[in-house]
Amino acid sequence: MYWIDRIVIATIAFAVLVYVLWATPRYLDPTGSDPVKQERDRRWVNTSPYFVDRQACRWLTLCGLHHLRADPANREYRNRKHGQHARPPPTPDVGRGDGGKPAGSPHRRDIPDYVFKHAPLVHLYSGEQFWPSDMRDHITHMDIQLNSSLLDDAAPWDLGNMSRLNSLDGSVFLHSKNDVESRPPWLHSRYNVPSASFPAHATHTASDEPAALDETLYSTTTTPHHPHTKPSNYGQSRAVHAPPLPQKVLAGAEHKQQQMQAAAAAAQGYKPDAQGYSGAPAVLVLVDKEDGVLDAFWFFFYSYNLGQTVLTMRFGNHIADWEHCMVRFKDGVPQGMYLSEHEGGQAYAWEAMEKRNVTWNSAVAERPVIYSATGSHAMYATPGDHAYILPFKMLKDVTDKGPLWDPSLNHYAYFYDYESDDDFYPDNAAAHTGAGAAPGSSEGSSLTPAASNPDAPTSWFHFRGRWGDGVYPLADVRQWRLFGQYHYVSGPQGPKFKNLGRKKMCLAKKCRIRHERDGSGTWY
């Protein structure tokens, strides 16, 4: 019968489609699977109270279909009762505990001049909804979750004593006090939008045919290199904490800034100037390697990662987001750059990067320009669409020349000795969860604040837990999973667990240095 044939063909086609969508992300997933992961997944599926939902999840990889709904980036933002434009109160670094302020080491190293002369400039997306965040503000909106249960612990904690949480026995997560789908203002961090775009005439484009590089410069041995750099004249003018201003001046400036930000948001544009300052401090971590190699890691923190959509369905949301880039120097000369693109990131030869010539300390500084993707904040070398995992640009990051952020204007700066840190695993990109372990004895010496901010807190760096909520259970109305991809995933670990001591520029084991910028955004 003809109608039977059509039903059979349709059923087979549907089964093939389900299998392809289920198998593709698993085939491309570099982490693979293991019995522990499978058991964790089984328990997650069993959180659903509905039999049909559990079976559809197990056999068709369709989990939480009854939870599906639109997930716009900007939700109820016009509701002013939460005070969206209000700047968060300053959070003092009080109660420094273990690792909060290294004791017995008054000497602080200066940051070499060349680090700032070649510091990145970051184009945020013009239509971004979740802007750079101050981690001090972020943690004030978070509770502590231990093994899926909230802790009844009223003890004060902050950036200066977060590593004490490592002594808890189990998996530790920072857990949002608010329902993130209500889009509380601290999630958007609109008050941290950089105020600048650099003039177009400052642009310097790299040559289309970069000079040949010695590939050995992109790899080092794991033996730490003893510092031999000259002191920097960078000074206190660029430290994180600015001198206090009179309260009346602060109030007037804040009111003026709110008016400017409101007008800019309404116009979907930003008045260019020559600053690029954001109230959200970046984090600079300098790591000495062998043979005169210095890696300058720039970390950027956001309170929320908005996942991308596939066929109008959104996947990959998570609370807290750490992105980074790294500039590798050899005897003070930049050699290449790593960007935390999706699917393991990408390394580029220095000559391949777009650059801008700007004045720094009365001299011309050549600074690389990178682009932050909307929502996910992944870092790319070019504006435009960047497909990954799925073909036909079904899943993609998007970048453009939105507000330009200069992280050198506001940052925490540190030197990190990875070999003296108990948590470091050479050439292993898998993060160490460290649940149930006490804070390592190496904390006081492995991370040292730079001379520009000698009192910068360090304990937060050694926190082994996650900076955002864990994977929501299937029973949670905010959660679904289709073809192996979750609507909400776990928040990330911090900068310490990005394999800062790696020999190669890349975070992944396979590292290919690109000598051109264009064409990097391929789904495979």
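Refer to the structure printed above.
Here is a short report on the structure shown in this document. (Residues numbered from 1 in each chain as written. Predicted model: local features only at pLDDT ≥ 70, side-chain atom pairs only at ≥ 80, totals over all residues. Heavy atoms only, no water.)

1. Thoughts on the overall build of the chain
And then number 1: Per the secondary structure count, the chain includes 8 helices and 24 strands.
And then number 2: Taking all 524 residues of the chain together, 51% fall into the buried category.
And then number 3: For the chain, the proportion of contacts with a sequence separation of at least 24, taken over those separated by at least 6, is 77%.
And then number 4: Surface summary for the chain: the accessible area is close to 24,500 Å², and the carbon and sulfur share equals 57%. (Helix = DSSP H or I, 4+ residues; strand = E, 2+ residues; numbered from the N terminus. Buried < 20%, exposed > 50% of the residue type's maximum accessible area, 1.4 Å probe, protein only. Contact = heavy atoms within 4.5 Å. Areas by Shrake-Rupley, 256 points an atom, 1.4 Å probe, with all protein chains shown as cover.)

2. Describing the pairing of strand 13 (residues 346-349)
And then number 1: With burial as the criterion, each face of strand 13 is covered, one bearing Gln346 and Tyr348 and the other bearing Ala347 and Ala349.
And then number 2: The pairing of strand 13 with strand 24 (residues 513-514) spans 2 bridges and is classified as parallel. Looking across to strand 24, one finds that Ala347 is bridged to Ile513. (Pairing = 2+ DSSP bridges.)

3. Here's the deal with the sheet that holds strand 21 (residues 447-449)
And then number 1: Strands sit in the order 21-20-7-8-11-12-13-24 across an open sheet of 8 strands; the sheet is mixed. Each edge of the open sheet is held by one strand with a lone partner, namely strand 21 and strand 24.
And then number 2: Note that strand 7 (residues 282-288) and strand 8 (residues 293-305) share 6 bridges and pair antiparallel. When the sheet's bridge partners are listed, Val283 is paired in strand 8 with Phe299.

4. What to know about the state of the cysteines
And then number 1: According to the stated counting rule, one finds 2 disulfides in the structure shown.
And then number 2: Here Cys57 is linked by a disulfide to Cys63, with a sulfur-sulfur distance of 1.9 Å. For the disulfide bridge between Cys57 and Cys63, the dihedral angle about the S-S bond is near 75°, and by the sign convention the bridge is right-handed.
And then number 3: A sulfur-sulfur separation of 2.1 Å characterises the disulfide bridge that pairs Cys506 with Cys511. In this structure, the disulfide formed by Cys506 and Cys511 twists by about 65° around the S-S bond and is classed as right-handed.
And then number 4: Here the disulfide map of the chain reads 1-2, 3-4, the bonded cysteines being numbered as they appear in the sequence. (Disulfide = S-S within 2.5 Å.)

5. A few points about a nonpolar patch on the surface
And then number 1: A cluster of nonpolar side chains, contributed by Trp3, Ile4, Ile7, Val8, Ile12, Val16, Tyr19 and Val20, occupies part of the molecular surface with about 770 Å² of accessible area.
And then number 2: Inspection of the secondary structure assignment puts Val8 in helix 1 (residues 2-28).
And then number 3: Given a relative accessible area of 41%, Val8 falls into the partly exposed group. (Patch = residues over 30% accessible without salt bridge, like charges linked within 9 Å, V, L, I, M, F, W, Y side chains within 5 Å. Salt bridge = Lys/Arg side-chain N within 4 Å of Asp/Glu carboxyl O.)

6. Considerations on the side chain of Asp476
And then number 1: Within the element layout of this structure, Asp476 appears in the loop between strand 21 and strand 22 (481-482).
And then number 2: The buried category is assigned to Asp476, whose relative accessible area is 16%.

7. A few points about the side chain of Asp397
And then number 1: Inspection of the secondary structure puts Asp397 in strand 18 (residues 396-399).
And then number 2: In this structure the side chain of Asp397 is engaged in a polar contact, spanning 2.8 Å, whose partner is the side chain of Gln308.
And then number 3: A distance of 2.8 Å separates polar atoms of two side chains, one belonging to Asp397 and the other to Ser376. (Polar contact = N/O pair within 3.5 Å; in protein donor to acceptor, adjacent residues only side chain to side chain.)

8. What to know about the sheet that holds strand 3 (residues 142-146)
And then number 1: The strand order across the open sheet built from 3 strands is 4-3-5, with neighbouring strands paired in antiparallel fashion. Edge positions in the sheet fall to strand 4 (149-150) and strand 5 (172-176), since each of these pairs with one other strand and no more.
And then number 2: Two elements, strand 3 and strand 4, share 2 bridges in a ladder whose sense is antiparallel. In the strand pairing of strand 4, Gln145 is matched with Leu150.

9. Let's talk about the packing of aromatic side chains
And then number 1: Enumeration according to the criterion identifies 18 aromatic pairs in this entry.
And then number 2: Between Phe299 and Trp322 the ring centres are 6.3 Å apart and the planes differ by 80°, which places this aromatic pair in the edge-to-face class. Here Trp322 lies in strand 11 (residues 318-330) and Phe299 lies in strand 8, a separation of 23 residues in the sequence.
And then number 3: Here Trp322 falls in the buried class, since its relative accessible area comes to 4%.
And then number 4: Ring pairing ties together the aromatic residues Phe297, Phe299, Phe301, Trp322, Tyr412, Tyr414, Tyr416, Trp460, Phe461, Phe463 and Trp467, which thus form one cluster.
And then number 5: The ring of Tyr472 has Arg478 sitting right over it, with the charged end atom 4.0 Å from the ring centre.
And then number 6: When the ring centre of Tyr338 is taken as origin, the NZ or CZ atom of Arg502, which lies over that ring, is 4.9 Å away. (Phe/Tyr/Trp six-rings, centres within 6.5 Å; stacked < 30°, edge-to-face > 60°. Lys NZ or Arg CZ within 6 Å of the ring centre and 35° of its normal.)

10. Brief notes about the nonpolar core
One recurring pattern in soluble globular proteins is that nonpolar side chains are buried together.
And then number 1: Core analysis: the biggest nonpolar cluster contains 48 residues, and Met135, Leu174, Val283, Val285, Tyr416, Trp460 and Trp467 have the highest contact counts within it.
And then number 2: Setting aside its immediate chain neighbours within four residues, Val283 contacts Met135, Phe297, Trp298, Phe299, Trp322, Tyr412, Tyr414 and Trp460.
And then number 3: Judged by nonpolar contacts, the second largest core, of 35 residues, contains Leu286, Ala296, Trp298 and Ala381. (Core = buried A, V, L, I, M, F, W, Y, C linked by side-chain atoms within 4.5 Å.)

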